[in-house]
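Topology and contacts: notes
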Amino acid sequence: MTEPVKPPRSLLSAAGKAIGDYGMIRDGDRVLLGLSGGKDSLSLLHVLLDLQKKAPIKFALAACTIDPQSPDYDPSPLRDYVPALGIPYFVESFPVLEQAKKSMTKDSFCAFCSRMRRGMLYGCARREGYNVLALAQHLDDVAETFLMSAFFGGKLRTMKAHYVNDAGDIRIIRPLIYARERQTAAFAKNAPLPVIQENCPACFGMPTERMHMKTVLAQLERENPAVLSNMLTAMRPLMGEPVEKPRRSKKSLTTESTENAE
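Residues numbered from 1 in each chain as written. Predicted model: local features only at pLDDT ≥ 70, side-chain atom pairs only at ≥ 80, totals over all residues. Heavy atoms only, no water.

**Let's talk about the overall build of the protein**
Across its full length, the protein carries ten helices and six strands. Here the protein, with 262 residues, has 50% of them falling under the buried criterion. Carbon together with sulfur atoms contributes 53% to the accessible area of the protein, which is approximately 13,000 Å² in total. (Helix = DSSP H or I, 4+ residues; strand = E, 2+ residues; numbered from the N terminus. Buried < 20%, exposed > 50% of the residue type's maximum accessible area, 1.4 Å probe, protein only. Areas by Shrake-Rupley, 256 points an atom, 1.4 Å probe, with all protein chains shown as cover.)

Below is the structure:
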């Protein structure tokens with residue numbers, strides 16, 4: 001068994017605050033992490049492993065990788081790496097690229113692939129008995145989604161921090177929603193984590209609206225370093241309602257408990 005790499009305190013604190021603010025993980029939860037092998041999901045894997053070991057509540061953790069059978073994506077290094085960390089690991093394989101060519105109409109590749117992958121993660125969670133699906137989107141992703149929705153969809157919305165799926169049987173959580181992409185990038189590089197390159201086959205080598213938004217935000221942040229912090233304040237009503245802090249006698253994973261565990 002391989003000892004997990006400890007994430008930096010700043011990343012653990014950001015995740016702990018998000019988990020506490022939105023009541024993401026509860027005592028007895030069975031959490032399935034959507035693991036692409038990119039820097040973000042690998043960072044979240046180690047964050048959750050660290051919290052699992054030190055938090056005052058008990059929750060099960062496993063990981064699932066969706067293999068879209070793209071020539072640009074090889075998840076094989078994860079097959080040995082993840083089980084060595086001591087958690088169950090599942091791989092769901094499906095020709096997403098071929099299905100996109102047959103079925104996609106007005107959607108972007110990213111949107112089509114995202115729906116396909118999410119459905120497969122739900123299927124794995126149900127089959128294996130996990131009630132929580134953890135996704136690794138961070139604050140940069142949330143901000144990019146907000147701008148894309150406003151600019152191209154004419155709607156004010158973005159990713160939710162914590163919500164229940166339409167079927168009502170799986171809660172979706174995003175523990176890195178307060179973290180910055182540069183934090184996961186630095187952790188992945190310094191650890192180092194076995195990051196799988198070209199790990200998002202949804203774009204199939206094509207430029208995307210999301211990449212354009214990333215460039216726009218980078219330019220804005222150079223001019224105003226507080227722009228992402230300001231956007232977080234503006235987006236909070238769209239990210240879901242924070243939960244009331246549980247009483248001390250009630251077991252849950254809160255900001256205070258995660259900080260005390262470090």
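**Looking at the pattern of salt bridges**
Counting across every chain of the model gives 15 salt bridges. Between Lys39 and Glu181 there is a salt bridge, with its nearest N and O atoms 2.9 Å apart. Of the two residues, Lys39 sits in helix H2 (residues 39-54) while Glu181 sits in helix H7 (residues 181-190), which places them 142 residues apart along the sequence. Its salt-bridge partner being Arg180, residue Glu221 comes within 2.8 Å of it at the nearest N-O pair. Highlighted residues: Glu221 in helix H8 (residues 209-223) and Arg180 in the loop between strand E6 (171-173) and H7, separated in sequence by 41 residues. Take Glu221 and Arg180: they sit in the same class, and that class is buried. When salt bridges that share partners are traced, they join Lys39, Asp40, Glu144, Glu181 and Lys214 into one network. (Salt bridge = Lys/Arg side-chain N within 4 Å of Asp/Glu carboxyl O.)

**Observations regarding the packing of helix H6 (residues 139-153) against helix H9 (residues 227-235)**
Where H6 contacts H9, the two axes come as close as 10 Å, and the packing angle between them is 65 degrees. With respect to H9, the axis of H6 lies roughly perpendicular. Of the two elements, H6 crosses H9, and the hand of that crossing is left-handed. Two secondary-structure elements touch here, H6 through Leu139, Val142, Ala143, Phe146 and Leu147 and H9 through Leu228, Met231, Leu232 and Met235. Considered class by class, the residues forming the contact of H6 with H9 number nine nonpolar, no polar and no charged. (Axes fitted to C-alpha atoms, helices over the stretch in contact; angles between N-to-C directions. Parallel < 35°, antiparallel > 145°, perpendicular 65-115°, else oblique. Left-handed = near helix turned anticlockwise from the far one by under 90°. Contact = heavy atoms within 4.5 Å. Nonpolar A, V, L, I, M, F, W, Y, C, P; charged D, E, K, R; others polar.)

**Thoughts on the confidence of the model for the protein**
With 86% of its residues at a pLDDT of 70 or more, the protein shows a mean pLDDT of 88. Note on residues 255-262: pLDDT under 50 across the span, and 16 contacts to partners over four residues away in sequence or across chains. (pLDDT = per-residue confidence, 0-100.)

**Section: the sheet that holds strand E3 (residues 89-93)**
Spatially, six strands are ordered E3-E2-E1-E4-E6-E5 in an open sheet, and the strand pairing comes out mixed. The open sheet has two edge strands, E3 and strand E5 (162-164), and neither has a second partner. Taking the axes of each pair of neighbouring strands and ignoring which way they run, one obtains an average angle of 25 degrees across the sheet. The pairing of strand E4 (residues 132-134) with E6 spans three bridges and is parallel. When the sheet's bridge partners are listed, Ala134 is paired in E6 with Ile173. (Pairing = 2+ DSSP bridges.)

**Points about the side chain of His138**
With respect to the helices, strands and loops of the structure, His138 is situated in the loop between E4 and H6. Look at His138 and you get buried, because its relative accessible area is 1%.

**Description of the pairing of E3**
Of the pairings in the sheet, the one linking strand E2 (residues 60-67) to E3 comprises five bridges and is parallel in character. Note on E3: the bridge partner recorded for Cys64 is Phe90. After leaving E2, the chain enters helix H3 (residues 76-84) and then returns to the sheet as E3, a path that is right-handed. (Right-handed = clockwise from strand over helix to strand, strands pointing away.)

**Some remarks on the nonpolar core**
Grouped together as the largest cluster of nonpolar side chains are 59 residues, with contacts concentrated most on Leu35 and Leu45. Once residues lying within four places of it in the same chain are set aside, the contact partners of Leu45 are Leu33, Leu35, Tyr81, Leu85 and Ile87. (Core = buried A, V, L, I, M, F, W, Y, C linked by side-chain atoms within 4.5 Å.)

**Remarks on helix H1 (residues 9-22)**
Between its first and last C-alpha atoms H1 spans 20 Å; for 14 residues at 1.5 Å apiece the expected length is 20 Å, and the two agree. In terms of burial, H1 is largely enclosed, as ten of its 14 residues are buried. Within the sequence span of H1, burial applies to Leu11, Leu12, Ala14, Ala15, Gly16, Ala18, Ile19, Gly20, Asp21 and Tyr22. A positive phi of about 55 degrees marks Gly23, the residue just after H1. (Expected span 1.5 Å × (residues − 1).)

**With respect to the environment of Phe90**
With respect to the secondary-structure elements, Phe90 resides in strand E3. Between the C-alpha atom of Phe90 and that of Cys124, which follows or precedes it by 34 residues, the distance is 7.8 Å. Once residues lying within four places of it in the same chain are set aside, the contact partners of Phe90 are Leu32, Ala62, Ala63, Cys64, Thr65, Cys124, Glu128 and Tyr130.

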